[in-house]
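One letter stands for each residue in the lines below.
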Amino acid sequence: MVLESVARIVKVQLPAYLKRLPVPESITGFARLTVSEWLRLLPFLGVLALLGYLAVHPFLQKKKQQKDSLINLKIQKENLKVVNEINIEDLCLAKAAYCRCWRSKTFPACDGSHNKHNELTGDNVGPLILKKKEV
Ligand code: FES
């Protein structure tokens, strides 16, 4: 019974519906359609748009997820890899804090931007603190 109904829709009703659609022969033909022709065409165009969206959507979501997984959003993006080198002998302060959240405006030094990042995202990142041993 159900299959009979599906078969009737696919073999009889759908082709008849498609045959009655006022699909123009060319792009410029769309401009010559009347309002009632547009109203008949809109549900069909909506279904096509929905199918197109559903076909493309998984790829768009994957691209967005890739962007979300970036750690470094803006520091030295022109370089393939950001590497900072600091000589231990040059550490003149008793304590130095280096950024590990990639949000510091004074990178590679920590400027406290991790606090705002943690507040906004619920993350728990913080700096690497190098301390000189007190002798
Ligand atoms: Fe990045 Fe502090 S600003 S760890």
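Residues numbered from 1 in each chain as written. Predicted model: local features only at pLDDT ≥ 70, side-chain atom pairs only at ≥ 80, totals over all residues. Heavy atoms only, no water.

K.L.:
Explanation requested: the nonpolar core in the structure shown.
P.N.:
Looking at soluble globular proteins, one finds that nonpolar side chains tend to be buried together. Ile75, Val82, Cys99, Cys101 and Phe107 together form the largest nonpolar core, which totals five residues. Aside from chain neighbours lying at most four places away, what touches Ile75 is Val82, Trp102, Arg103, Ser104 and Phe107. (Core = buried A, V, L, I, M, F, W, Y, C linked by side-chain atoms within 4.5 Å. Buried < 20%, exposed > 50% of the residue type's maximum accessible area, 1.4 Å probe, protein only. Contact = heavy atoms within 4.5 Å.)

K.L.:
Any chance you could explain helix α3 (residues 113–121) here in plain terms?
P.N.:
Two residues of an α-helix separated by three or four positions point the same way, owing to the 3.6 residues in each turn. For α3, every residue scored as buried is listed here: Ser113, His114, His117 and Asn118. Each buried residue of α3 sits inside an arc of 135 degrees when the element is viewed along its axis, so together they form one side. Facing away from the buried side of α3 by more than 90 degrees, the exposed set consists of Lys116, Glu119 and Leu120. At the exit of α3 stands Gly122, carrying a positive phi of roughly 80 degrees. (Helix = DSSP H or I, 4+ residues; strand = E, 2+ residues; numbered from the N terminus. Arc of directions from axis to C-beta.)

K.L.:
Explanation requested: the UniProt feature "transmembrane region" (unreviewed entry) in the protein chain in the structure shown.
P.N.:
In the numbering adopted here, UniProt assigns the feature "transmembrane region" (unreviewed entry) to residues 41–60. In this annotation, residues 41–60 is assigned 100% helix and 0% strand; the end-to-end C-alpha distance for the span is 28 Å. (UniProt positions renumbered as here; feature names shortened; annotations may be inferred.)

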